[in-house]
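Breakdown of the fold
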Amino acid sequence: MTAPESARIRPMRADDVETCEQISSRAFHELDLRTFQRGWPDPCPRPPHRAELWQTRTRHLLTTDPGGCWVAEADGEVAGFATSLVRELMWILASYAVRPGLQGRGLGRGLLDAALHHGRGCLRGMLNASDDPQALRRYALAGFRLQPQLLFHGRIDRAVLPVVRHVRDGTPGDRDLLDSLDRRTRGAAHGPDHDVLIQPGASELRLLVTDRPTGSGYAYVNTSGVPILLAAGNRKAATALTWEALAASDPDAPIEMGHVSPANDWAVDLAMAARLGVYSRGFLALRRMKEPAPYIPHPTLL
Ligand SMILES: CC(C)(COP(=O)(O)OP(=O)(O)OC[C@H]1O[C@@H](n2cnc3c(N)ncnc32)[C@H](O)[C@@H]1OP(=O)(O)O)[C@@H](O)C(=O)NCCC(=O)NCCS
């Protein structure tokens, strides 16, 4: 099938953000229903507070990377989008979706080409890929290597929670430490993205830090007690941060910790100790770089 004749790719504007969130929410929910596997958390539509966070992050990217954010229009309506960012010499695809019903007609290709152009001077590239074969084809043809990622799911056995020392809440004064851990693990700092990760009201995340002569690291932890971005100097620091995060999880609710790539076997050891189920879900797509470790990439800001 070919793209609608009226299709065009143009820069995203602030007044497109709400529509793009709706497209993203629908496209990913339909994908979840299509690809659901036994053991995965049940697919559910994006709740309103997460939709708001999505919009806040996208407005942040429109400010830092206006040249990385694009929409596809068909018949005068927004039909898809791609948002991307450049941090130091790293290009990252943050989010990418085409309205269900218009997929598979070439809109996604035009969007990805426009977003990749934003990273043309970059040495490295990374993105979190869904399980959509259409997306995987686009990434592989753009030169990305696909690494399957693990998902841990289940209830934490409270009896196995160890006593963790030397992990504290982070402060704005830790910014240089965070940036240097990012450079060491993934080759580029998050820089301005810490503003949106930690900003009160715009984020639901808690920052944990450990900084010892024997190892340092940090983790942004969600309200379920799961690290959704972690960088550490060694596996001991990564493990301590993750245990400290999980200790705050609800004992009666299952947790879901995803985006664990194969080089992060410290996390598999921890999942075994916590008696969590291990599943495969999604891919880490990398271009001209090795797998970051010890590292858990943020789903969109990586
Ligand atoms: C990923 C996505 C944005 C791509 O947009 P799109 O408009 O569908 O993309 P295109 O039509 O340009 O490209 C899709 C490619 O997959 C191919 N394709 C379609 N069905 C396929 C299948 N079942 N298996 C493999 N390839 C398939 C198409 O032929 C096309 O390749 P070609 O251009 O070389 O022929 C869109 O499909 C989408 O929104 N998916 C759900 C959300 C998602 O997964 N987003 C990516 C997040 S990482």
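Before reading on, note that the structure itself is shown above.
Our subject in this report is the structure included herewith. (Residues numbered from 1 in each chain as written. Predicted model: local features only at pLDDT ≥ 70, side-chain atom pairs only at ≥ 80, totals over all residues. Heavy atoms only, no water.)

**With respect to the overall build of the protein chain**
Secondary structure summary: the protein chain contains eight helices and 13 strands in total. Computed over the C-alpha atoms, the radius of gyration of the protein chain is 19 Å, within 12% of the 19 Å expected from 2.2 N^0.38 for a compact globule of 302 residues. Principal-axis analysis of the C-alpha atoms places the extent of the protein chain at approximately 60 × 40 × 35 Å. Buried positions account for 51% of the 302 residues belonging to the protein chain. Put simply, 73% of the contacts in the protein chain that link residues at least 6 apart link residues at least 24 apart. Looking at the protein chain as shown, the accessible area adds up to about 13,700 Å², and 51% of this sits on carbon and sulfur atoms. The positive charge centre, built from 36 side chains, and the negative charge centre, built from 34, are 5 Å apart in the protein chain. (Helix = DSSP H or I, 4+ residues; strand = E, 2+ residues; numbered from the N terminus. Rg over C-alpha atoms; globule rule 2.2 N^0.38 Å. Buried < 20%, exposed > 50% of the residue type's maximum accessible area, 1.4 Å probe, protein only. Contact = heavy atoms within 4.5 Å. Areas by Shrake-Rupley, 256 points an atom, 1.4 Å probe, with all protein chains shown as cover. Lys, Arg positive; Asp, Glu negative; His and termini not counted. Charge placed at Lys NZ, Arg CZ, Asp CG, Glu CD.)

**Notes on the sheet that holds strand E8 (residues 206-212)**
Reading across the sheet, the five strands line up as E7-E8-E9-E10-E13 and stay open at both edges, with antiparallel pairing between neighbours. At either margin of the open sheet sits one strand with a lone partner, and together these are strand E7 (168-169) and strand E13 (295-296). Those strands touched by helix H5 (residues 175-186) are E8, strand E9 (215-221), strand E10 (227-232) and E13, and its axis lies near 100 degrees from that of E9. (Pairing = 2+ DSSP bridges. Axes fitted to C-alpha atoms, helices over the stretch in contact; angles between N-to-C directions.)

**Notes on the packing of aromatic side chains**
Under the definition given, this model contains four aromatic pairs. Residues Tyr-96 and Tyr-139 carry aromatic rings whose centres are separated by 6.1 Å and whose planes lie at 45 degrees to one another, so their mutual orientation is tilted. Taken together, the positions of Tyr-96 in strand E4 (residues 90-98) and Tyr-139 in helix H4 (residues 133-141) put the pair 43 residues apart, joining distant regions of the chain. Here Tyr-139 falls in the buried class, since its relative accessible area comes to 4%. A centroid spacing of 5.8 Å and a plane angle of 85 degrees characterise the contact between Tyr-218 and Tyr-220, whose relative ring orientation is edge-to-face. Using a relative accessible area of 0% as the deciding quantity, one classes Tyr-218 as buried. (Phe/Tyr/Trp six-rings, centres within 6.5 Å; stacked < 30°, edge-to-face > 60°.)

**Some thoughts on the packing of helix H1 (residues 17-35) against helix H2 (residues 48-64)**
At their nearest, the axes of H1 and H2 sit 10 Å apart, and the two run at 125 degrees to each other. What the angle tells us is that H1 and H2 run oblique. Read as a crossing pair, H1 and H2 show a hand that is right-handed. For the pair H1 and H2, the contacting residues are Val-17, Glu-18, Cys-20, Glu-21 and Ser-24 in the first and Ala-51, Trp-54, Gln-55, Thr-58, Arg-59 and Leu-62 in the second. Partitioned by chemical class, the residues of the contact of H1 with H2 number five nonpolar, three polar and three charged. (Parallel < 35°, antiparallel > 145°, perpendicular 65-115°, else oblique. Left-handed = near helix turned anticlockwise from the far one by under 90°. Nonpolar A, V, L, I, M, F, W, Y, C, P; charged D, E, K, R; others polar.)

**A look at unusual backbone geometry**
Across the junction of Ala-293 and Pro-294, the peptide omega takes the value -10 degrees, indicating a cis bond. Examined against the element boundaries, Pro-294 turns out to sit in the loop between strand E12 (277-287) and E13. Even without a glycine there, the phi angle at His-259 is positive, about 60 degrees. You can see His-259 is positioned in strand E11 (residues 255-260). In this structure His-259 comes out as partly exposed when scored by relative accessible area, which is 26%.

**So, empty space enclosed by the protein**
What the rule picks out here adds up to two cavities of 30 Å³ or more. Counted as a void, the largest cavity has a volume near 50 Å³. Taken together, Trp-54, Arg-57, Thr-58, Leu-61, Thr-83, Ala-94, Ser-95 and Thr-300 make up the lining of the largest cavity. Listing elements by their share of the lining of the largest cavity, those giving two or more residues are H2 and E4. By residue class, the composition of the lining of the largest cavity is three nonpolar, four polar and one charged. As a volume, the second largest cavity reaches approximately 40 Å³. Residues of the lining of the second largest cavity, tallied by class, amount to three nonpolar, two polar and three charged. (1 Å grid on protein atoms, 1.4 Å probe; cavity = no way out; pocket = protein on both sides within 12 Å on 5 of 7 lines; lining within 4 Å. Points joined across faces, edges and corners; volume = space filled by probe spheres on them.)

**Some thoughts on the layout of surface pockets**
Of the pockets and cavities examined, the second largest pocket occupies roughly 290 Å³. If you trace the second largest pocket, you find 15 residues lining it, with Arg-165, His-166, Lys-236, Ala-237 and Ala-240 closest to the centre. At the level of secondary structure, the elements contributing two or more residues to the lining of the second largest pocket comprise E8 and helix H7 (235-246). Counting residues per element, the lining of the second largest pocket draws most heavily on H7, which supplies five residues.

**A few points about the nonpolar core**
Residues Met-12, Cys-20, Phe-81, Met-126, Tyr-218 and Tyr-220 are the most contacted members of the largest nonpolar core, which totals 38 residues. When neighbours within four sequence positions are excluded, Phe-81 is seen to be in contact with Met-12, Cys-20, Ile-23, Ser-24, Trp-54, Trp-70, Val-71, Ser-95, Tyr-96, Ala-97 and Leu-111. In this structure, Ala-219, Val-226, Ala-237 and Ile-296 belong to the second largest nonpolar core, which totals 25 residues. (Core = buried A, V, L, I, M, F, W, Y, C linked by side-chain atoms within 4.5 Å.)

**Focus: the sheet that holds E4**
Here eight strands make up an open sheet; going across it, the order is E1-E2-E3-E4-E5-E12-E6-E11 and the pairing mixed. With partners counted over all chains shown, the strands left at the sheet margins are strand E1 (8-11) and E11, one partner each. Taken over all neighbouring pairs, the strand axes of this sheet differ in orientation by 25 degrees on average, direction set aside. The sheet strands contacting helix H3 (residues 107-118) are E1, strand E2 (69-74), strand E3 (77-87), E4 and E12, and the helix crosses E4 at an angle near 160 degrees.

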